[in-house]
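Take a look at the letters that make up each chain.
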Amino acid sequence: MKNTISARVADFLKNYPPFNEVDTKELESLSEEVSIIYKVKGEIIFAIDEEAHQYFYVVHKGAVVLTKEPNDEVVDLCDEGDIFGLRPLIANENYKIGAKAYEETILYAIPIIDFKPIIKKHDEVGTFLIESFASNTRNPYSNSYRGKLYEATSATEQNRVNDKELLDLQGVPYSKKLITCSENTTIKTIAIKMTEKKVGSVLVVNNKLPVGIITDKDLRNKIATGLFPITTRAKNVMSSPVITYPKKMTVTQAQMAMMKSDISHLCLTLDGTTNSEAVGIISKHDIMFELGNNPAVLLKAIKRANGFKKIKAVRRRIMSLLQGYLDQNIPLTLTSKIISELNDACIKQIIKIALNKMDAQPPVKFAWLAMGSQGRSEQLLHTDQDNAVVFENVSQDQLEETRNYFLDLAKIVTKGLFDIGYEYCPAEMMASNPDWCLSLSEWKERTFHWITNPGPDQVLLSSIFFDYNLAYGETSLVNDLSTHLFETTEKYPNFFLHLASGALQSPSPSGFFRSFLVEEDGEYKDFFDLKRRALMPLIDGARVLVLSHKVKLINNTAERFEKLAELEPNNEELFLACSYATKALLKFRTKHGLLHNDSGRFIALTKLTKEEKIKLKRSFKTIKDLQELLKVRFKVTNLLN
């Protein structure tokens, strides 16, 4: 009986170098010896100076970060299909760099003793591995570390090695899922196919050999202008002969080829000529995406993504973009807007993909609400999901069937969000929970209950829900719900007293002499909780003040304070200070989150510089002043007592 596990291993490995150079039977035989290893986030795979393992590794799922001394400087981040841990295979000595799971990861451990005969037989495999080892990265064409002999390159020399200067050696990724047609296919059929597949070109083939190509430009210049009717055949419109190249080409080679021939797509074939089978297409967009983390390019990549895995790849580039903005000290207001736009685009695309996975169209109109930090456009890092669904009212006999449809949809969406890096909400405040997937009438009833019965739980739920923002779907449903909320709070102003009281429940950030108050026990003992002690008092305070002023459509905390400064000139100085403190703390949290690959919520005070501690403490006085204003304005002293 066929070993299905080893068959799956072989099926995976054959897609990645150098295994794609290995014969199928050899690869199947090797796969029977492969061990499958699971690592949780942060778990060590091997440490510096550790004795060499009997394996090298391939990332199957997740990611692995490679680090070197001193200070665990990141050498590389290995993604799906990347190889690492080659030193035992090449040099037979202890590891010089460390490896640990960047996130939850599954590895294939390839036994060296079983792989050596393959190296001897296939020169390409040996060459690839030696180049990978020499460059200290899993791919010798890696953008960042290509050509750098780890021990031989000084820091100064490394600084001179600019990523963009080395693009001529970087292998260019290309689409392997070719969209093709025959010479007799009608242009109308081709246009429909291009629209469905979201591609900018179709390759015209004859017996699998490329004979022509039709692009968006051809449709504009030859069909839209009336030069040819839409019923004409591909052979009358296609650009021919096709300009072909071998599949192993670099980014710069691809760029130069496009510039040389003034074309936007390149066809890759087995031997680089039109006499062999086409294996892929490179577009200008692919080149742009590889060249840099331009927001417009990333946005286009998100909209073209047809699977969660592709969105996850873009999300990593968004994090690189965020890191770059922080390094350049770009104002957080601008940074936050750009990153939030890209995050919102990811969510919309995930919902679109999820809708395509459903067996039927939505039975009624609906709106997907982003809540909490996502709703406030303050979720710059990968944190928890907070979301809800509101759908149009239906008759009682259709209610559960309708809800079940949206629950099924929400399960796909929340899984997609999880796959790209957003953890599930521990309290299950997600649209996949029936309590957060309601009709418009049900949401009105639910929020009416919260406002008119403001106990601690109701205030907490209101605090999360009232920052909602439309992520996808029907605007009128959200507007209707917002109108209901403002009308209800106007009738029951006592709600603001309890909301203000809730805003004062966050523990103080500082003790005597403005010393930091840290967690006294638990996993984060002696850490400073930046979210609960510093950010939440500002977020909660801005919310209750803005709601009491009946200000709509402003969810971002810093922007709420700026609006309050306009509305209350006598408190302008305090509110502008609150806005500044919010942005400074959010930037602080984001930097630490990126540095430690976590949410940035808990800060190790021992690792802060003196300057960082001073910046943090400056915000504490502003928080205290804001809380005093809330106590006086909403008269919550008696309630607290």
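Computed from a predicted model, the values in this text were never measured in an experiment. Residues take numbers from 1 onward in each chain, read along the sequence in its written order. At least 70 in pLDDT is required for a residue's local features to be given in this predicted model, at least 80 for side-chain atom pairs to be given and counted, and no such filter applies to totals for whole chains, interfaces and linings, which use all residues. No hydrogens and no water enter the side-chain calculation; it runs on all heavy atoms of the structure.

The subject of this paragraph is the pairing of strand 13 (residues 265-269). Each residue gets one of three labels from its accessible area relative to the maximum for its type: buried under 20%, exposed over 50%, partly exposed in between, using a 1.4 Å probe on protein chains only. Numbering of helices and strands runs from the N terminus; a helix is a DSSP stretch of H or I covering at least four residues, while a strand is a stretch of E covering at least two. The element strand 13 is extensively covered by neighbouring structure, given that five of its five residues are classed as buried. Burial along strand 13 is two-sided: His265, Cys267 and Thr269 and Leu266 and Leu268, pointing in opposite directions, are all buried. One ladder, built from three bridges, connects strand 12 (residues 244-246) with strand 13; its direction is parallel. Residue threonine 244 lies in a different strand from strand 13, and its bridge partner there is cysteine 267. At least two bridges found by DSSP between two strands is the condition for calling them paired.

On to the pattern of salt bridges, then. A side-chain nitrogen of Lys or Arg and a carboxyl oxygen of Asp or Glu constitute a salt bridge if their distance falls within 4 Å. Scanning the entire structure with this criterion turns up 21 salt bridges. In this structure, arginine 403 engages glutamate 442 in a salt bridge whose closest nitrogen and oxygen atoms are separated by 2.8 Å. You can see arginine 403 sitting in helix 16 (residues 396-419) and its partner glutamate 442 sitting in helix 17 (residues 440-452), a full 39 residues away along the chain. Given the relative accessible area of 6%, arginine 403 is considered buried. Members of the salt-bridge network, linked through shared partners, are Arg376, Glu378, Asp467, Asp540, Arg543 and Arg560.

By convention a nonpolar core is built from buried Ala, Val, Leu, Ile, Met, Phe, Trp, Tyr and Cys residues, the set being connected through side-chain atoms within 4.5 Å. In this structure, Trp443, Phe465 and Leu545 are the most contacted members of the largest nonpolar core, which totals 65 residues. If one sorts the elements of this core by residue count, helix 21 (residues 530-548) sits on top with 11 residues. Here, residues are in contact when the closest pair of their heavy atoms is within 4.5 Å. Ignoring any residue separated from it by four or fewer positions in sequence, one finds leucine 545 in contact with Leu564, Phe575, Leu626, Leu629, Leu630, Arg633 and Phe634. If you look at the next biggest cluster of nonpolar residues, it comprises 48 residues, including Tyr325, Leu332, Ile351 and Leu381.

It is worth spelling out the environment of glycine 593 at this point. On the secondary structure map, glycine 593 appears in helix 23 (residues 572-596). Linking glycine 593 and leucine 380, residues 213 residues apart in sequence, is a C-alpha distance of 9.5 Å. Excluding residues that lie within four positions of it along the chain, glycine 593 makes contacts with Leu381, Asp598, Ser599 and Gly600.

Further remarks concern the side chain of serine 283. Structurally, the position occupied by serine 283 is in strand 14 (residues 278-283). Setting aside residues up to four positions removed in sequence, serine 283 forms contacts with Met258, Ser264, His265 and Arg304.

On to the packing of helix 13 (residues 308-327) against helix 23, then. Where helix 13 contacts helix 23, the axes come no closer than 11 Å and their chain directions differ by 125 degrees. By the angle class used here, helix 13 and helix 23 are oblique. Judged by the twist between their axes, the crossing of helix 13 over helix 23 is left-handed. Contact residues: Met319, Leu322, Gln323 and Leu326 in helix 13; Lys587, Thr590, Lys591 and Leu594 in helix 23. Nonpolar residues are Ala, Val, Leu, Ile, Met, Phe, Trp, Tyr, Cys and Pro. Charged residues are Asp, Glu, Lys and Arg, and all others, Gly as well, are polar. Tallied by class, residues from the contact of helix 13 with helix 23 come to four nonpolar, two polar and two charged. All axes are obtained by fitting lines to C-alpha atoms, using only the stretch in contact for helices, and the reported angles, taken between N-to-C directions, cover 0 to 180 degrees. Angles are sorted into four bins: roughly parallel if under 35 degrees, roughly antiparallel if over 145, roughly perpendicular if 65 to 115, and oblique for all others. Note on convention: the crossing is left-handed when the near helix lies turned anticlockwise from the far helix by less than a right angle, right-handed when the turn is clockwise.

This paragraph deals with the environment of aspartate 625. In this fold, aspartate 625 is placed in helix 24 (residues 610-634). As a C-alpha pair, aspartate 625 and leucine 574 span 51 residues in sequence and 7.6 Å in three-dimensional space.

With that settled, consider the packing of aromatic side chains. Each Phe, Tyr or Trp ring, with Trp reduced to its six-membered ring, pairs with another whose centre is within 6.5 Å; inter-plane angles below 30 degrees give stacked pairs, above 60 give edge-to-face pairs, and intermediate values give tilted ones. A full pass over the atoms with the stated rule returns 27 aromatic pairs. Between phenylalanine 46 and tyrosine 95 the ring centres are 3.7 Å apart and the planes differ by 10 degrees, which places this aromatic pair in the stacked class. One end of the pair, phenylalanine 46, is in strand 2 (residues 44-46); the other, tyrosine 95, is in the loop between helix 3 (87-90) and strand 7 (98-101), and 49 residues separate them in sequence. Residues phenylalanine 46 and tyrosine 95 agree in their burial class; the two are buried. A centroid spacing of 5.9 Å and a plane angle of 40 degrees characterise the contact between phenylalanine 528 and phenylalanine 620, whose relative ring orientation is tilted. Taken together, the residues span a long stretch of sequence, with phenylalanine 528 in strand 19 (residues 527-529) and phenylalanine 620 in helix 24 at a distance of 92 residues. The two residues phenylalanine 528 and phenylalanine 620 agree in class, both being buried. Connected via pairs of aromatic rings, a cluster forms that spans Trp436, Trp443, Trp450, Phe465, Phe466, Tyr468, Phe495 and Phe496.

On to helix 1 (residues 4-13), then. Along helix 1, the residues classified as buried are Ser6, Val9, Ala10, Phe12 and Leu13. Down the axis of helix 1, the smallest arc covering the buried residues is 160 degrees, so these residues share one side. In this structure, helix 1 carries Thr4 and Arg8 as exposed residues pointing more than 90 degrees from its buried face. Taken together, the buried residues of helix 1 touch helix 2 (24-31), strand 1 (35-39), strand 3 (55-61) and strand 8 (105-111). The directions considered for the arc run from the helix axis to the C-beta atoms.

Across the sheet, which stays open at both edges, the four strands sit in the order 1-8-3-6 with antiparallel pairing between neighbours. Both outer strands of the open sheet, strand 1 and strand 6 (83-84), are each paired with one neighbouring strand and no more. By the bridge criterion, five bridges tie strand 1 to strand 8 in an arrangement that is antiparallel. Its bridge partner being in strand 8, isoleucine 36 is matched across the sheet by tyrosine 108.

Taken together, the side chains of Lys177, Lys197, Lys300, Arg304 and Lys310 make up a positively charged region of the molecular surface. When you line up the elements, lysine 310 lands in helix 13. Using a relative accessible area of 44% as the deciding quantity, one classes lysine 310 as partly exposed. What makes a patch is a set of residues exposed beyond 30% relative accessible area and free of salt bridges, joined within 9 Å when like-charged and within 5 Å when nonpolar (Val, Leu, Ile, Met, Phe, Trp, Tyr). Here the accessible surface of atoms and residues is derived via Shrake-Rupley with a 1.4 Å probe, and residues count as covered only by protein chains that are part of the display. Note that His is not counted, nor are the chain ends; the positive residues are Lys and Arg, and the negative ones are Asp and Glu. Taken as the charge location is NZ of Lys, CZ of Arg, CG of Asp or CD of Glu.

Bringing the confidence of the model for the protein into the picture now. The predictor reports its confidence for every residue as pLDDT, a score running from 0 up to 100. Model confidence for the protein is summarised by a mean pLDDT of 83, while 89% of its residues fall at 70 or above. When mean pLDDT is taken per element in the protein, strand 17 (residues 437-439) scores highest with 97 and helix 6 (residues 155-160) scores lowest with 36. Of the regions scoring below 50 in pLDDT, residues 136-168 engages in 67 contacts with residues more than four places distant in sequence or in other chains.

So, on to a negative patch on the surface. Taken together, Glu28, Glu32, Glu33 and Asp114 make up a surface patch of like negative charges. Of note, glutamate 28 is situated in helix 2. What makes glutamate 28 partly exposed here is its relative accessible area of 36%.

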